[in-house]
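# Working through the structure, step by step
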Amino acid sequence: MTGSAATGTKAGTAAGADAGGAAGRGVEELPLHMQRDGFDPARELAAIREGAGVRKVRTPFGLEAWLVTRWADVREVLGDPERFSNEWEGAFRVPGMPERSPEEIARLRAGNLLAFDPPAHTRLRRMLTPEFTGRRMQRLEPRVREIVDQHLDAMEQAGPPADLVADFALPVPSLVICELLGVPYEDRAEFQRRSARLLDLSVPMDVRLRAQEEQRGYMASLIARERAEPGEGLLGMLVREHGDELTDDELIGIANLLLIAGHETTSNMLGLGTLALMDHPDQLALVRDDPEAVGPAVEELLRWLSIVHSGTIKSATGPAEIAGQPVAEGELVMLSIPAANRDSALLEDPERLDVRRGALGHVAFGHGVHHCLGAPLARMEMRVAFPALLRRFPDLRPAADDRRFRSFNVVYGMEILPVTWGGA
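By the naming in an unreviewed UniProt entry, the protein chain is Cytochrome P450, taken from Pseudonocardia yuanmonensis.

Right, let's get into the packing of aromatic side chains. If you walk through the whole model with that rule in mind, you get four aromatic pairs. With a centroid separation of 6.5 Å and 85° between ring planes, the pair formed by Phe39 and Phe405 is classed as edge-to-face. With Phe39 in the loop between β1 (36–37) and β2 (40–41) and Phe405 in strand β12 (residues 404–405), the pair connects residues that are 366 residues apart, well separated along the chain. Ring pairs connect the aromatic residues Phe39, Trp304, Phe405 and Tyr412, which therefore count as one cluster. Between Arg109 and the ring centre of Phe116, over which it is positioned, the NZ or CZ distance is 4.5 Å.

On to the side chain of Arg216. Counting through the fold element by element, Arg216 comes out in helix α10 (residues 205–228). Accessibility expressed as a relative area gives 7% for Arg216, which makes it buried. Residue contacts for Arg216: discarding those within four places in its chain leaves Arg107, Leu108, Asp249 and Ile252.

Attention shifts here to the environment of Arg123. Along the chain, Arg123 turns up in helix α5 (residues 120–128). Since its relative accessible area comes to 27%, Arg123 is described here as partly exposed. Note: C-alpha distance between Arg123 and Leu113 (10 residues apart in sequence) is 9.6 Å. Those residues in contact with Arg123, other than ones at most four positions away along the chain, are Glu245, Leu246 and Glu250.

With that settled, consider the nonpolar core. Val148, Phe168, Leu238, Leu305 and Leu377 are the most contacted members of the largest nonpolar core, which has 92 residues in total. Those residues in contact with Leu305 that sit more than four places away from it in its chain are Arg36, Phe39, Met269, Leu272, Gly273 and Ala276. Membership of the second largest hydrophobic core comes to 19 residues, among which are Val68, Phe84, Val333 and Leu347.

Turning next to the side chain of Asp117. Among the structural elements, Asp117 can be located in the loop between α4 (102–109) and α5. Lys314 provides the closest opposite charge to the buried, unpaired Asp117, separated from it by 5.8 Å. Among the polar contacts made by the side chain of Asp117, one reaches the main-chain amide nitrogen of Asn86 at a distance of 3.1 Å. Not counting residues within four places of it along the chain, the set of residues in contact with Asp117 comprises Pro81, Ser85, Asn86, Glu87 and His370.

Inspection of the secondary structure assignment puts Asp395 in the loop between α16 (375–392) and β11 (397–398). Asp395 sits 152 residues away from Gly243 along the chain, and the two C-alpha atoms are 50 Å apart. Those residues in contact with Asp395 that sit more than four places away from it in its chain are Thr420, Trp421 and Gly422. A polar contact is formed between the side chain of Asp395 and the backbone nitrogen of Gly422, at a distance of 2.9 Å.

Reading guide: rules and limits
Residues numbered from 1 in each chain as written. Predicted model: local features only at pLDDT ≥ 70, side-chain atom pairs only at ≥ 80, totals over all residues. Heavy atoms only, no water. Phe/Tyr/Trp six-rings, centres within 6.5 Å; stacked < 30°, edge-to-face > 60°. Helix = DSSP H or I, 4+ residues; strand = E, 2+ residues; numbered from the N terminus. Lys NZ or Arg CZ within 6 Å of the ring centre and 35° of its normal. Buried < 20%, exposed > 50% of the residue type's maximum accessible area, 1.4 Å probe, protein only. Contact = heavy atoms within 4.5 Å. Core = buried A, V, L, I, M, F, W, Y, C linked by side-chain atoms within 4.5 Å. Lys, Arg positive; Asp, Glu negative; His and termini not counted. Salt bridge = Lys/Arg side-chain N within 4 Å of Asp/Glu carboxyl O. Polar contact = N/O pair within 3.5 Å; in protein donor to acceptor, adjacent residues only side chain to side chain.

What follows is the structure, encoded as structure tokens:
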């Protein structure tokens, strides 16, 4: 597979010998679970998966955790929130983080579905689930097609070359999630700048914390506006139907999570997925020319690319065992989603991209109670966007050999993707 000097291949952690100092500066060396060679997870992750299955590593924040690599073990951890909890934040002080009171920690966690287990998680999720059903996606799909076509029109009118990330992959899901939530699209540049800093582990901790506070301040102003005059978006719905049940901090946390997740994940799938298809012209042709191939292709791209490196770190609520390895109560557990999705226990020949198989069971969206709430939206956007892009530009191809991957980002993808078409 094609590699990149930007992906990094060194094993180890960002923390090195001075965890606190590294956290203060930002991650300087790629942690093992984030290491890639182009589209592929690091070979060392496969070696762990084929060997013991788990290994003690240091997280990007200087804390030790067990890294789980096998598909069955990852599903087991994801599927058992009673033994492996998301509610560990506050139990440890991350090196480089400021001291915070229990009240401050609770305020920052409020509304973030990823920070809770049932029953607190169930309470929040039941309010949001109706907005992400298959029926709701069917009603939204015509508008998504309009948005996709508008951006393809703009690319065509401007002519080649184009940066697929800036001109298509990022703005399409951003506009979709803004309209779904009721967030002003004209504010996108600022919230994209802040979310990029929040998710980039190479950015110094103090800069990331500032971005977090700025993002919360922005969300607080939106929630105040919705409290005064609820709009037609999801935030307005939450205020109208659940305003007495949800605090402002919970509404801020919900909005923040959905806004960041709603544009970061799908946009990186569109960019990285298009590059993968351009590298496999026969499979690109299937997605372009056969409507029946699109759904399976989306599933295979989700599995093969696994753009979320690890998901949420978990804590063992009591003595446990993973792949025969004892895990003590309170120890942290981290999952390698790319390694799990390349496990031969999931399917045959897992290192090969084959858009025709479309196997379900991958863990790209997680598993269990924390299975991605927005998965139906992401799938629908990709089913619309990939074939529309490839049919509009049937001979789409890379315009440069330079491949810049977002290596230090929590969500893997492309920084830029120059493309061309026609005779250019």
